[in-house]
Amino acid sequence: MRMLKASSVRPMARAPVVRSAPRMQRPAVVLIKAELKVGDKMDVYPDYFRVLKTSKGGTVSLSSFKGKQPVVLFFYPKAATPGCTKEACRFRDEYSRFTQAGAAIFGISSDTPEENAAFAKANNLPYPLLTDANAILRKTFGIKPDLLGLLPGRQTFVIDVSGRCVMAFNDQFNVEQHVDEALKVLSSSSVTA
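Because the structure is predicted, anything quoted here is derived from the model rather than measured. (Residues numbered from 1 in each chain as written. Predicted model: local features only at pLDDT ≥ 70, side-chain atom pairs only at ≥ 80, totals over all residues. Heavy atoms only, no water.)

(A) Just the overall build of the chain, in detail. A tally of helices and strands in the chain yields six helices and seven strands. Counted from the first residue to the last, the chain has its helices and strands arranged as β-β-β-α-α-β-α-β-α-β-β-α-α. Each of the 193 residues in the chain was classed as buried or not, and the buried ones make up 42%. Sequence separation of at least 24 residues holds for 65% of the intrachain contacts in the chain that already meet a minimum separation of 6. (Helix = DSSP H or I, 4+ residues; strand = E, 2+ residues; numbered from the N terminus. Buried < 20%, exposed > 50% of the residue type's maximum accessible area, 1.4 Å probe, protein only. Contact = heavy atoms within 4.5 Å.)

Listed below in structure tokens is the structure:
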């Protein structure tokens, strides 16, 4: 048997390192969390330009009303529930007062367009209900959940002709006061001018 000197022994070659192909990374989802407050310009909220599906089969973007008419936007937790029905019907009953003030009214929830359409039809709602898929608008406008996070928040906004928020009202249980507060703000000539 032949002995090898230590100087003549070569180190073993390493096995080649197999590198996997780089993983495709998902684009980052950016959720702007803010709280829409009175005095805020809607233009700084990217979701103001979002196109939303309506209960009437069409689409609408809130920004399309800028320079044309004020917008009353009421967020409700779930179609066809007692509180939401009471609120939506009160907006229906006062609809002529809103149109006389020149305002467009929209109810908005995370319900599907079909659920909203059934809710609107069952209650003869003359205004469209919007679908906020995945509650994106609700989150970007900073509407906090109620009852320890169990219920999506109930909030009403009035946006004036220039695209500025002039009212933000939140009350989960006094659902009819949303209508009263919105009408009070709309009676101000600065909202429609």
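(B) Broad picture of the pattern of salt bridges. Under the counting rule described, the total for this entry stands at twelve salt bridges. Between E35 and K144 there is a salt bridge whose closest N-O contact spans 3.1 Å. Residue E35 is found in the segment before β1 (51-54), and its partner K144 is found in the loop between α4 (136-140) and β6 (155-159); the two are separated by 109 residues along the sequence. For R50, the salt bridge goes to D47, with nearest N and O atoms at 2.7 Å. Owing to a relative accessible area of 9%, D47 belongs among the buried residues under this scheme. (Salt bridge = Lys/Arg side-chain N within 4 Å of Asp/Glu carboxyl O.)

(C) Up close: the sheet that holds β1. One open sheet holds the seven strands; their spatial order is β2-β1-β5-β4-β3-β6-β7, and the pairing between them is mixed. Two strands bound the open sheet, and with one partner strand each, they are β2 (59-61) and β7 (165-170). Neighbouring strand axes in the sheet, compared pairwise and without regard to direction, differ in orientation by 30° on average. Here three bridges tie β1 to β2, and the two strands are oriented antiparallel to one another. Bridge pairing in β2 links V51 to S61. Where helix α1 (residues 82-93) meets the sheet, its contacts fall on β3 (71-75), β4 (104-109) and β6, and the angle it forms with β3 comes to roughly 165°. Against the sheet, helix α3 (residues 113-122) engages β1, β4 and β5 (129-131), with an angle of about 165° to β5. (Pairing = 2+ DSSP bridges. Axes fitted to C-alpha atoms, helices over the stretch in contact; angles between N-to-C directions.)

(D) Molecular detail of the packing of aromatic side chains. This structure, assessed with the given rule, holds twelve aromatic pairs. Residues Y45 and F141 carry aromatic rings whose centres are separated by 5.7 Å and whose planes lie at 85° to one another, so their mutual orientation is edge-to-face. On the criterion of sequence distance, the pair formed by Y45 in the segment before β1 and F141 in the loop between α4 and β6 is long-range, its members being 96 residues apart. Comparing Y45 with F141, the two get one shared label, buried. In this structure an aromatic cluster arises from ring pairing among F74, Y76, F91, Y95, F98, F119 and Y127. (Phe/Tyr/Trp six-rings, centres within 6.5 Å; stacked < 30°, edge-to-face > 60°.)

(E) Layout of the environment of A117. One can find A117 in helix α3. C-alpha of A117 to C-alpha of K56: the two residues are 61 residues apart in sequence and 6.6 Å apart in space.

(F) Region of interest: a nonpolar patch on the surface. On the surface, L147, L148, L150, L151 and F173 cluster together into a nonpolar patch covering about 610 Å² of accessible area. Inspection of the secondary structure puts L150 in the loop between α4 and β6. (Patch = residues over 30% accessible without salt bridge, like charges linked within 9 Å, V, L, I, M, F, W, Y side chains within 5 Å. Areas by Shrake-Rupley, 256 points an atom, 1.4 Å probe, with all protein chains shown as cover.)

(G) View of the nonpolar core. Counting 25 residues, the largest nonpolar core has V72, F91, F98, Y127 and V158 as its most contacted members. The greatest single-element share of this core, amounting to five residues, is contributed by helix α5 (residues 177-186). If we ignore the near neighbours within four places in the chain, the residues touching Y127 are K56, F74, A88, F91, R92, Y95, I105 and G107. L36, L52, F65 and I159 belong to the second-largest nonpolar core, a separate cluster that totals 21 residues. (Core = buried A, V, L, I, M, F, W, Y, C linked by side-chain atoms within 4.5 Å.)

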